[in-house]
Amino acid sequence: MQKKIQSALISVFYKDGLEPLARRLQSLGITIYSTGGTQKFLEELGITCVAVESLTTYPSILGGRVKTLHPAIFGGILGRRYEAQDLAEMQQYGIPEIDLVIVDLYPFEETLRSTSEEKLIIEKIDIGGPSMIRAAAKNFRDLVVIAAKDDYASLEKLLAEQDGTTTLEQRKAYAAKAFEVVMHYDIAISDYFNPGQVLRYGENPHQTAVFRGKLDELFTQLNGKELSYNNLVDVDAAVQLIREFNETTFAIIKHTNVCGVAARSAVKASWDAALAGDPESAFGGVLVCNGTIDVATAQAINEIFFEVLIAPAFEPAALDLLKSKKNRILLQLKAAEPVLRTPARAILNGTLQQGPDEGNFSKWEEAGGRETTAAEKDDLTFANLVCKHLKSNAIALVKNKQLVGKGCGQTSRIDALRHAIEKAKQFNFDLKGAVLASDAFFPFNDCVQIAHAAGMEAFIQPGGSVRDKDSIEYCVQHGLAMVMTGMRHFRH
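Residues numbered from 1 in each chain as written. Predicted model: local features only at pLDDT ≥ 70, side-chain atom pairs only at ≥ 80, totals over all residues. Heavy atoms only, no water.

Q: Looking at this model, I keep getting lost on the overall build of the chain. Mind explaining?
A: What the chain contains, in helices and strands, is 18 helices and 25 strands. For 492 residues, the compact-globule estimate of 2.2 N^0.38 gives 23 Å, and the C-alpha radius of gyration of the chain, at 32 Å, exceeds that figure by more than 25%. If you line up the chain on its principal axes, its C-alpha atoms span 90 × 55 × 40 Å. Counting every position in the chain, which comprises 492 residues, the buried fraction comes to 46%. Considering only residue pairs separated by 6 or more positions, the chain has 58% of its internal contacts joining residues 24 or more positions apart. If the 53 positive side-chain charges of the chain are averaged to one point and the 61 negative ones to another, these points end up 1 Å apart. (Helix = DSSP H or I, 4+ residues; strand = E, 2+ residues; numbered from the N terminus. Rg over C-alpha atoms; globule rule 2.2 N^0.38 Å. Buried < 20%, exposed > 50% of the residue type's maximum accessible area, 1.4 Å probe, protein only. Contact = heavy atoms within 4.5 Å. Lys, Arg positive; Asp, Glu negative; His and termini not counted. Charge placed at Lys NZ, Arg CZ, Asp CG, Glu CD.)

Dropping the structure here:
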């Protein structure tokens, strides 16, 4: 839908780059409404303007805080040209249609960088500007909105080529940019008023870090020092992992990877088995359990150095024992619903977002040379959940719901398997009867062959390789079980 611009409202803080666009508007016979400093700038260039005061019948008041916040302005921006009622009301109240809004916001972030004086900072919180941008962007069907001086040149070129008209697609694209500008602006202001928790340092001592969130909604901190950046990252990994299990489970996290995890009928037994999986890596780890920490478990845990312990409850005597070291962080996990987050990370010049990795498998396809036994099925289900929480490429070896070997963060799947087997051997685990989980498909049958030679006879993987048949055929020939889940669990 092509629309011709007949009127424009210009209100900008920085005027650089505005002149060519303003002259283009004048040459096209477009009526220009303007405010304060912008009006003065344009008139000094010989460009005719109409003061917004002539529409509002009010001067700029309150030290310039109120200039455009008036129905005569916002009615002209928000009025829908396709709604007869809107047009009738605009005519009734003498509100002119505004087809183009150009706004450059007060430099809030620049002011923050140049001063710490609150009065100066507060005065650089733009009110009318974001309001006009949002209004114009909302009404993109009828209006063009320019919210960044970087777009002056593109609009000037477009108007020259299209004789002062724009398409619906073009208006919507400018609206999308405008909402992004306002979002960034509002976040900067929100961060100023909600500075978050300044951490001692970031991932490394030379990096700064801030946490913004409400940890008290998730935990009660019962003991210890302030959580560090690395503590928080590992605590997050620990909580995401433990919420996968319903039976009594204990896990040990190191650098966001699981280095020990086991499920048993009692908390102490699950701790013993989790620690046995890799007692070396447990040093300085983050511990997490979904059961009550009793005295026997506390006594066992107290024998090693760890950073954080997370549990839903502590027996009083167990808590007293664990509090014996003042820096040891003890977190009581509240019975809150899991937070379904939208994982995001800053990459290149933007943000990458994805949905959460929910679930264990989307199908249970017995594709090997035999059906899995009941015990194997339990272990495979457990192993696949553990593997989901390891960095890719990842392999998890499980026996009797105990992680007995793992390889993670490797550049090839076969290397991850070799690491897992070596870990198991290091702590004298017999892999006969163990099961193997892989976070992604086997590109060749070499992993199955090596694992089989080490004693494993049941495998779980998502499948999806063009050479799935190679691993399947090996399992069929040797009477091994293989489950295809249809759900990959990459973690980078």
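Q: What is the right way to look at the nonpolar core in this model?
A: Generally speaking, a soluble globular protein has its nonpolar side chains buried in company with each other. By size, the foremost hydrophobic cluster in this structure holds 42 residues, and its most contacted members are Val235, Val258, Val308, Ile310, Leu331 and Val386. At 7 residues, helix 11 (residues 229-242) tops the list of elements feeding residues into this core. Leu331 has contacts with Phe219, Thr220, Gln221, Leu227, Val235, Val308, Leu309, Ile310, Ala311 and Phe314, leaving out every residue within four places of it along the chain. Phe108, Ala136, Tyr185 and Ile189 belong to the second-largest nonpolar core, a separate cluster that totals 29 residues. (Core = buried A, V, L, I, M, F, W, Y, C linked by side-chain atoms within 4.5 Å.)

Q: So what exactly am I meant to see when it comes to empty space enclosed by the protein here?
A: To find leftover empty space, one rolls a probe the size of a water molecule over the atoms. This model, assessed by the stated rule, comprises 1 cavity of 30 Å³ or more. By volume, the largest cavity is sized at about 30 Å³. Forming the boundary of the largest cavity are Cys259, Gly277, Asp278, Leu403, Val404, Gly405, Lys406 and Lys423. Among the elements that make up the lining of the largest cavity, the one with the highest residue count is strand 22 (residues 403-407) (4 residues). Of the residues contributing to the lining of the largest cavity, the split by class is 3 nonpolar, 2 polar and 3 charged. (1 Å grid on protein atoms, 1.4 Å probe; cavity = no way out; pocket = protein on both sides within 12 Å on 5 of 7 lines; lining within 4 Å. Points joined across faces, edges and corners; volume = space filled by probe spheres on them. Nonpolar A, V, L, I, M, F, W, Y, C, P; charged D, E, K, R; others polar.)

Q: Which parts of the structure should I look at to understand the environment of Glu244?
A: Inspection of the secondary structure assignment puts Glu244 in the loop between helix 11 and strand 11 (249-254). Note on Glu244: relative accessible area 22%, which makes it partly exposed. Measuring from C-alpha to C-alpha, the distance between Glu244 and Glu358 comes to 9.5 Å, with 114 residues separating the pair along the chain.

Q: Can you help me understand helix 15 (residues 374-388) in this one?
A: Side chains that are three or four residues apart share a direction in an α-helix, a result of its 3.6 residues per turn. Helix length check: helix 15, at 15 residues, gives a terminal C-alpha distance of 21 Å against a target of 21 Å (1.5 Å per residue), a fit within 8%. Taken residue by residue, helix 15 has Glu376, Asp379, Leu380, Phe382, Ala383, Asn384, Leu385, Val386, Cys387 and Lys388 as its buried positions. In this fold, the buried residues of helix 15 make contact with strand 12 (257-263), strand 21 (395-398), strand 22, strand 23 (435-438), strand 24 (458-461) and strand 25 (481-484). (Expected span 1.5 Å × (residues − 1).)

Q: Can you help me understand a nonpolar patch on the surface in this one?
A: Residues Ile347, Leu348 and Leu352 make up a contiguous nonpolar surface patch of roughly 330 Å² in combined accessible area. Among the secondary structure elements, Leu352 is positioned in strand 19 (residues 350-353). (Patch = residues over 30% accessible without salt bridge, like charges linked within 9 Å, V, L, I, M, F, W, Y side chains within 5 Å. Areas by Shrake-Rupley, 256 points an atom, 1.4 Å probe, with all protein chains shown as cover. Salt bridge = Lys/Arg side-chain N within 4 Å of Asp/Glu carboxyl O.)

Q: Hey, could you run me through the sheet that holds strand 2 (residues 7-12) in this one?
A: Taken together, 5 strands build an open sheet; the order of strands is 4-3-2-5-6 and the sheet is parallel. Among the strands making up the open sheet, the edge pair consists of strand 4 (50-51) and strand 6 (144-146). In this structure, strand 5 (residues 100-104) lies alongside strand 6, joined through 3 bridges in parallel fashion. Counted as the bridge partner of Val101 is Val145 from strand 6. (Pairing = 2+ DSSP bridges.)

Q: Please explain the sheet that holds strand 23 as it appears in this structure.
A: Note: strands within a sheet are paired through backbone hydrogen bonds, in either parallel or antiparallel orientation. Spatially, 6 strands are ordered 20-25-24-23-21-22 in an open sheet, and the strand pairing comes out mixed. Each end of this open sheet is capped by a strand with a single partner; those strands are strand 20 (365-366) and strand 22. As judged from the 2 bridges shared by strand 20 and strand 25, these two strands associate in the antiparallel manner. Bridge assignment links Glu365 to a residue of strand 25, and that residue is Met484. On top of the sheet, helix 16 (residues 413-426) reaches strand 21, strand 22 and strand 23; it is set at about 145° to strand 22, its chief contact. (Axes fitted to C-alpha atoms, helices over the stretch in contact; angles between N-to-C directions.)

Q: Quick question: what am I supposed to make of the packing of helix 4 (residues 71-78) against helix 8 (residues 128-138) here?
A: Two packed helices can be described by the angle between their axes and the distance between those axes. The interhelical angle for the contact between helix 4 and helix 8, taken along N-to-C directions, is 30°, at an axis separation of 8 Å. Taken together, helix 4 and helix 8 sit at an angle that is classed as roughly parallel. Mapping the contact onto sequence places Ile73, Phe74, Ile77 and Leu78 in helix 4 and Gly128, Ser131, Met132, Ala135, Ala136 and Lys138 in helix 8. Residues that form the contact of helix 4 with helix 8 fall into these classes: 7 nonpolar, 2 polar and 1 charged. (Parallel < 35°, antiparallel > 145°, perpendicular 65-115°, else oblique.)

Q: Any chance you could explain the side chain of Ser471 here in plain terms?
A: For Ser471, the position within the fold is in helix 18 (residues 468-478). Judged by relative accessible area, which is 0%, Ser471 ranks as buried. Among the polar contacts listed, one links the side chain of Ser471 to the backbone oxygen of Phe444, at a separation of 3.3 Å. Every residue in contact with Ser471, bar those within four places of it in the chain, is listed here: Phe442, Phe444, Asn445, Val448 and Met482. (Polar contact = N/O pair within 3.5 Å; in protein donor to acceptor, adjacent residues only side chain to side chain.)

Q: I tried to follow the side chain of Asp151 on my own but got confused; where do I start?
A: By secondary structure assignment, the location of Asp151 is in the loop between strand 6 and helix 9 (152-161). When neighbours within four sequence positions are excluded, Asp151 is seen to be in contact with Ile146, Tyr174 and Lys177.

Q: How do you make sense of the pattern of salt bridges when you look at a structure like this?
A: Pairs can form between side chains of opposite charge whenever their charged atoms are close. In the structure shown here, the tally under the stated rule is 25 salt bridges. As a salt-bridge pair, Lys149 and Asp16 come within 3.5 Å of each other at their nearest N and O atoms. Taken together, the residues Lys149 in the loop between strand 6 and helix 9 and Asp16 in the loop between strand 2 and helix 1 (19-27) connect sequence positions 133 residues apart. Glu156 is the partner of Arg24 in a salt bridge, and the nearest nitrogen-oxygen pair spans 2.8 Å. Here Arg24 is found in helix 1, whereas its partner Glu156 is found in helix 9, with 132 residues between them in sequence. Connected through shared salt-bridge partners, Arg81, Glu97 and Asp99 make up one network.

Q: Sorry if this is basic, but what is going on with the pairing of strand 22 here?
A: In regular strands, side chains alternate between the two faces of the sheet. Within strand 22, 5 of the 5 residues are buried, which leaves the element mostly enclosed by the surrounding structure. Examined bridge by bridge, strand 21 and strand 22 share 4 bridges and lie antiparallel to one another. For Val398, the partnering residue across the bridge sits in strand 22 and is Leu403. A loop of 4 residues connects strand 21 with strand 22, the two strands running antiparallel in sequence, and Asn400 in this loop sits at a positive phi of about 55°.

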